[in-house]
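A structural walkthrough
Here's the letter readout for the chains.
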Amino acid sequence: MNYKVISLATLCALIVLCIYSFIPKHQEIRSVAYLSKESVHDQTWGTEGYKGILNIIQTYDANFFIQENLKSDKAVMDTIRQFAERDVNIIYGQSSEFEDVFNQAAVKYPKMHFVFLNGESRAKNVSSLNIEGYAMGFFGGMLAAHESKTKVLGIVGAFKGQPEIDGFIDGAHYEEKSAKVKTKYIKTWGYNGDAQACTIELIDKEHADVIYPAADGTNRDVMEIVKARNKKAIGYISDQSYLGDFVIGSTTQNISKLYSDIADDYYEQRLKGGTQKYGMKNNITDLKISKSVDEVHVKKLKTDIQRFKVTGILPNKKLPPTYQHGAYLIKTA
């Protein structure tokens, strides 16, 4: 036996182990930033993202910087520059409207990782997280049609082409062929004072008795009218059952979990950027059903949802349609 060869091999192995022991196992998260085009206190979209950031800074004992109500790309870029000077590691933008400015800034600030929702990544340090909303809308529409007495449903949305609204309409018609779905679009993700008037018209003139407020900035205003008129609603983004029994279910988007998962990937050095999709199959979107709904229908819906998560096939035997990454940027009338 050649003991010199064995000794050399042992020595090499020890050297490799020593080198490996000095390689950092984790990528430290010192500071996290959060940007929003609107208020983070909207109780839906902005609030969900904000909650996710709070979870991250608590988990990693990181510094936190926030800037809301950013109305222009210049304001965003100025804020990014300030955050770069503070050595921010991850910067989250709570809107598809951050797509262009984040992809531009990523080239200038390669040490920062940029995260935004619903769009396309064009740099290795940019993560675009696309929410697949059609399926959750489909099941929300099924629930709304089942619970409606007038078989007239109302939607107050932001823009035509929202996947969750398309899904809601298709799901309602699948559940009840005679159902009518009336839509109103306020043409903004932010606040619009017309939302309440739209809701009143849907209820008083169109006789809708279940309303789906699928726009972030006006969600609370719509919910107030629905409750005052003693009608029912499908909540949006977060589980809004806390508002009262009139909320029979909510199409939820677990943005806070998604943001935390991104931070975990960064810490574990496995975050590579790119464009990714998240939906019901990976438990980011869902339909939360109120206890006021009859148990037989709840059981049926939950069975349908679980089957979809496994097979990707909706109850109508179809696959959800494919949307472009910029679906939430479409602003048609």
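Let me begin by describing the structure that accompanies this report. Throughout this description, residue numbers start from 1 for each chain and increase along the sequence as written. Residue-level local features of this predicted model are given only where pLDDT is at least 70; pairs of side-chain atoms are given and counted only at 80 or more, and the full residue set underlies all totals for whole chains, interfaces and linings. To get the side-chain values, take all heavy atoms of the structure and skip hydrogens and water.

Here we take up the nonpolar core. Nonpolar cores are built from buried Ala, Val, Leu, Ile, Met, Phe, Trp, Tyr and Cys residues. Side-chain atoms within 4.5 Å join them into one set. When a residue's accessible area, from a 1.4 Å probe over protein chains only, is under 20% of the maximum for its type it is buried; when over 50% it is exposed; and in between it is partly exposed. Tyr92, Phe139 and Tyr259 are the most contacted members of the largest nonpolar core, which totals 75 residues. Take this core: its biggest share by element is nine residues, from helix α5 (residues 134-147). In what follows, a contact means two residues having at least one pair of non-hydrogen atoms within 4.5 Å. With near-sequence residues (within four places) excluded, Tyr92 lies in contact with Val32, Ala33, Tyr34, Leu35, Ile53, Ile56, Phe102, Val115, Tyr259, Ile262 and Ala263. Listed in part, the 20 residues of the second largest apolar core include Phe65, Leu70, Ala106 and Phe116. Under the DSSP-based scheme used, a helix requires at least four consecutive residues in state H or I and a strand at least two consecutive residues in state E, with every element numbered from the N terminus.

Moving on to the pairing of strand β7 (residues 180-185). Strand pairing is assigned whenever DSSP identifies at least 2 bridges connecting the two strands. Pairing of strand β6 (residues 152-157) with β7, which is carried by six bridges, proceeds in the parallel orientation. Considered in β7, the bridge of Leu153 is made with Val181. A right-handed crossover is one whose linking path, passing over the helix from the first strand to the second, runs clockwise when the strands point away from the viewer. Once you follow β6 into helix α6 (residues 163-175) and on to β7, the crossover reads as right-handed.

As summarised here, the arrangement of the six strands in space is β7-β6-β8-β9-β10-β12, forming an open sheet in which the pairing is mixed. Where the open sheet ends on each side, the last strands, each with one partner, are β7 and β12 (285-289). On average, each strand axis in the sheet is tilted by 15 degrees relative to the strand beside it, whichever way the strands run. In terms of strand pairing, β6 meets strand β8 (residues 210-214) through five bridges, oriented parallel. Its bridge partner lying in β8, Ile155 is registered against Tyr212. The axes used here are C-alpha line fits, helices contributing only the stretch in contact, and every angle between their N-to-C directions lies in the interval 0 to 180 degrees.

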